[in-house]
Every structure is written in structure tokens, then in C-alpha cells.
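Geometric and topological summary
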Amino acid sequence: MKRATFAATAFFSLAGFAQSASAADAPYIDDRSSAEAVVRSLYSAINRHEFARAWGYFGDTKPAKDFNAFVKGYDGTDSVEVKTGAVSEDGAAGSIYYSVPVAIQATDKKGEAKIFAGCYTVRRVNAQIQEPPFQPIFIDKGALKPSTEDFGSAVPASCGDGPPPPKKDAALEQAKKAFLATYGDQCDKQDPEGKPIGEPEAHSIHYKDKDAQPSDPERETRLFRFFCSMAAYNETAVYYIADDVNGVSQLQFTEPDLDIRYENNNSEGKVESIHVIGFKTSGWATNSDYDDNTKTITTSNKWRGVGDASSSGTYLFRNGDFSLVQYDVDASYDGEINPQTIIDYNTAP
């Protein structure tokens, strides 16, 4: 198997820092599922003074001339924080090489911190061509140098020996952060297909404002649909929209507040009347879908499993936002599906 040519490993020495008595309290991370996870696992081992484990994340090319020299380099380390940037990858000779931009902040017992920045190359050898003993993903080389940047901005934009990282979708990343911060603990941990939550369906809506001139360029609004939860017969989702004026915001769905009257006050009986007594908004969309052709989001909420009682809304995109244009209600628990339209802004008065 062809092996890549290794650059001289320029690891870093933090000699002179004091060992932390609370090293064992640092989080234990031993994760080889991705290049970024391997780097974080390395620093977990260093923070916990588990140097044999840290040494083991490297391949044939080690970060020091021998293990004792590696350990000595951390004689006084109190703690090390790590940040990683956008990972790029390249394939060669039966392996995938990942370039991981990294910044660390090493703090001594006196509280003095030093910043280092650079890149790690992480290698994953194709498992199908390996023979025992199996070689998991490992660190091929690492080069970190002192940095004058603040820790928060010290991570390199890219690594020189790898392809440029993919351009970040700022609106998408902001929507994902907003969703996870607000609903991460409320929603299911994965969608019906088994994928972790937080990865939305994304749509781009191009349009012109109603007051736009023929020569004015089109505007764009981004729409992100996040799965939240699946119950017995209803699935909920949360939507965010983003544009160049308002940034990213959660989409709110207007719904009528209804006064439903049943014969003899029996909800299983005949519906006497349905009156709209106000409006309210909700951040949840039930059994929803977006149709790019009509630029509408539809919702449908089953009041019980058989679906004979329900409510549904249609929300039309216009002038940069979604508004309620139709709302149907089937308030009778009669075993039949027979909704009636109680709000209709599709039809002129």
C-alpha cells in the first residue's frame, strides 16, 4: 500500500506547566468516528494526563522521539482547551486524509495562558483492504505554532496541505444553532429515518416585492424545516426563515381561536356552530409540508387517530413572509372526514 510522505512532525512542548490535581475530572472522550473527534480525544487524554492514550492516537510517525519525551513535554500542563475549524478531505492510495484546523489554549497553574494554532492531518485507511491488526483512524502529523490571536479567533481558516474547506452556509448554521438551543431538549433525538435532529430540509424562495420595479433584482428568502417529534398520528416540525434584511427568525403560524358549540354540550354529538373569536400564533407545525410550486406550507392536525376530527391551515408566501390564507376544521367526531372552511382569504369578498 502506497504511503504518503510525512512532513516532519512539529508538535509542541508545554514544559514548565504544573500538573492539575483535578485532571481525572476532565471529560473522558475516546471517539474515532471522525477526524475532529480524534483531535478532541487527543486533548481529552492530555487533560486527564492519560499520556499512553494520547500517544496511541498517532500512527507510525509520533509527536516526539519517544514516549518519555512526549510525557515530559507536559510535565506542568494544567489544562488545554481545543477548538477545531472546517475539516477538508482528500483521497489517495486507499486512504482518506483529513486536514483539521486547530487552535489550543494551554493554561498553567498560575492561570497564564498560551495560544497555539495550526493543523493536524488525520488518516483513515480503507477498512476493506486492511489485514489484522486493524488500524483505526489516526493522527498522521500535527504542526502547531504560537499564535498572537485571541483563542476565539485563532483557528486557521484552512490547512495549507489540504483542499479548501467547504464554504459555510451562514444562514443554515445560524438556523441550526437557534433550533438546537430552543428545541434540542424538547424534540426527539432522531427523525423517523434515524438521522439526528438538527439537519433541516432547506428551500430557496426567489421573488419580487409587490412594490418592486421591473428592473429590480429578485430577492431570496431561505426556508428551513426541522423535524421535531413523532407521536401516534401527528408529526411536529419547526420552521425558520432567513433573508438579507431580517436575518434568521422562527416562523410563527397564525391559527384561529375557535368557539365550537355541540348539541347538548356533547362533543361526540352534532356540531351546532363554529365561531372565530380571535387569533393566536404557534411555533409548531403539525403534519406539515412545503410546496415549492405554490409556495405554500400546509398543516394538518388530527384530533384523534382515525382523522374524523381535525384542523388544517394553508400559509402562502408573499412579500417575504408566510400568512394564513385558509383554515379548515372538522369538529365532528362522527367517523367521517368532512371539514368545512372557516377562513378563506383565497377568495375575494
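Not measured: the values here are computed from a predicted model. (Residues numbered from 1 in each chain as written. Predicted model: local features only at pLDDT ≥ 70, side-chain atom pairs only at ≥ 80, totals over all residues. Heavy atoms only, no water.)

Thoughts on the environment of I337
Positionally, I337 belongs in the loop between β16 (321-330) and β17 (340-344). A residue is classified by how much of its surface remains accessible, and I337, at 65% relative accessible area, is exposed. It is 9.2 Å that separates the C-alpha atoms of I337 and V306, two residues lying 31 residues apart in sequence. When residues no more than four places from it in sequence are discounted, the contact partners of I337 are G307, D308 and D330. (Helix = DSSP H or I, 4+ residues; strand = E, 2+ residues; numbered from the N terminus. Buried < 20%, exposed > 50% of the residue type's maximum accessible area, 1.4 Å probe, protein only. Contact = heavy atoms within 4.5 Å.)

Regarding helix α4 (residues 170-183)
The first and last C-alpha atoms of α4 sit 20 Å apart over 14 residues, in line with the 20 Å expected at 1.5 Å per residue. Burial in α4 covers these residues: A171, L172, A175, K176, F179 and Y183. What you see down the axis of α4 is that its buried residues fit within an arc of 130°, all on one side. Among the exposed residues of α4, those pointing more than 90 degrees away from its buried face are A170, K177 and A181. Contacts from the buried residues of α4 go to β7 (219-230), β8 (235-243) and β9 (247-250). (Expected span 1.5 Å × (residues − 1). Arc of directions from axis to C-beta.)

Some thoughts on the nonpolar core
Formed by 27 residues in total, the largest nonpolar core has its most connected members in L42, Y43 and Y120. Listed by contribution, the elements that provide at least two residues to this core are α1 (35-47), α2 (51-56), β1 (79-84), β3 (95-107), β4 (113-125) and β5 (138-146). Ranked by the residues each element gives to this core, the list is headed by α1, at seven residues. Contacts of L42, omitting those with residues within four sequence positions, involve A54, Y57, F58, Y120 and I139. Counting residues in each nonpolar core, the second largest holds 21 residues, with Y290, I297, Y315 and V329 among its members. (Core = buried A, V, L, I, M, F, W, Y, C linked by side-chain atoms within 4.5 Å.)

Quick look at the confidence of the model for the protein
Looking at the protein, pLDDT values average 87 and 90% of them are 70 or higher. Note on residues 1-21: pLDDT under 50 across the span, and 62 contacts to partners over four residues away in sequence or across chains. (pLDDT = per-residue confidence, 0-100.)

Here's the deal with the state of the cysteines
Taken as a whole and assessed by the stated rule, the structure comprises two disulfides. A sulfur-sulfur separation of 2.2 Å characterises the disulfide bridge that pairs C119 with C159. Disulfide C119 to C159: torsion about the S-S bond roughly -105°, handedness left-handed. Linking C119 in strand β4 with C159 in the loop between β5 and α4, this pair joins segments that are 40 residues apart in sequence. Of the two residues, C119 and C159, both sit in the buried class. Across the protein, the disulfide pattern expressed with sequentially numbered bonded cysteines is 1-2, 3-4. (Disulfide = S-S within 2.5 Å.)

Remarks on the pairing of β8
Judged by how many residues are buried, β8 sits mostly within the fold: nine of nine residues are covered. Residues of β8 alternate between two faces, with E235, A237, Y239, I241 and D243 on one and T236, V238, Y240 and A242 on the opposite face, all of them buried. Pairing of β7 with β8 involves eight bridges; the strand directions are antiparallel. Bridge pairing in β8 links F224 to Y240. Counted between consecutive antiparallel strands, the loop separating β7 from β8 contains four residues. Where β8 and strand β12 (residues 285-286) come together, two bridges link them in antiparallel fashion. The residue bridging T236 from the neighbouring strand is T286, located in β12. Sheet topology places β8 next to β9; four bridges connect them, and they run antiparallel. Across the sheet, residue Y240 finds its bridge partner in β9, namely Q250. Counting the residues in the hairpin turn of β8 and β9 gives three residues. (Pairing = 2+ DSSP bridges.)

Here's the deal with the packing of aromatic side chains
Taken as a whole and assessed by the stated rule, the structure comprises 16 aromatic pairs. An angle of 80° between the planes, with centres 5.0 Å apart, marks the rings of Y207 and F317 as edge-to-face. Taken together, the residues span a long stretch of sequence, with Y207 in strand β6 (residues 201-207) and F317 in strand β15 (residues 310-318) at a distance of 110 residues. Neither residue differs from the other here; Y207 and F317 are each classed as buried. (Phe/Tyr/Trp six-rings, centres within 6.5 Å; stacked < 30°, edge-to-face > 60°.)

A look at the sheet that holds β17
Across the sheet, five strands lie side by side as β13-β14-β15-β16-β17; this open sheet has antiparallel pairing. Strands at the two margins of the open sheet, each flanked by one partner only, are β13 (289-291) and β17. On average, adjacent strands in this sheet sit at an angle of 20° to one another, irrespective of strand direction. Pairing of β13 with strand β14 (residues 296-302) involves three bridges; the strand directions are antiparallel. (Axes fitted to C-alpha atoms, helices over the stretch in contact; angles between N-to-C directions.)

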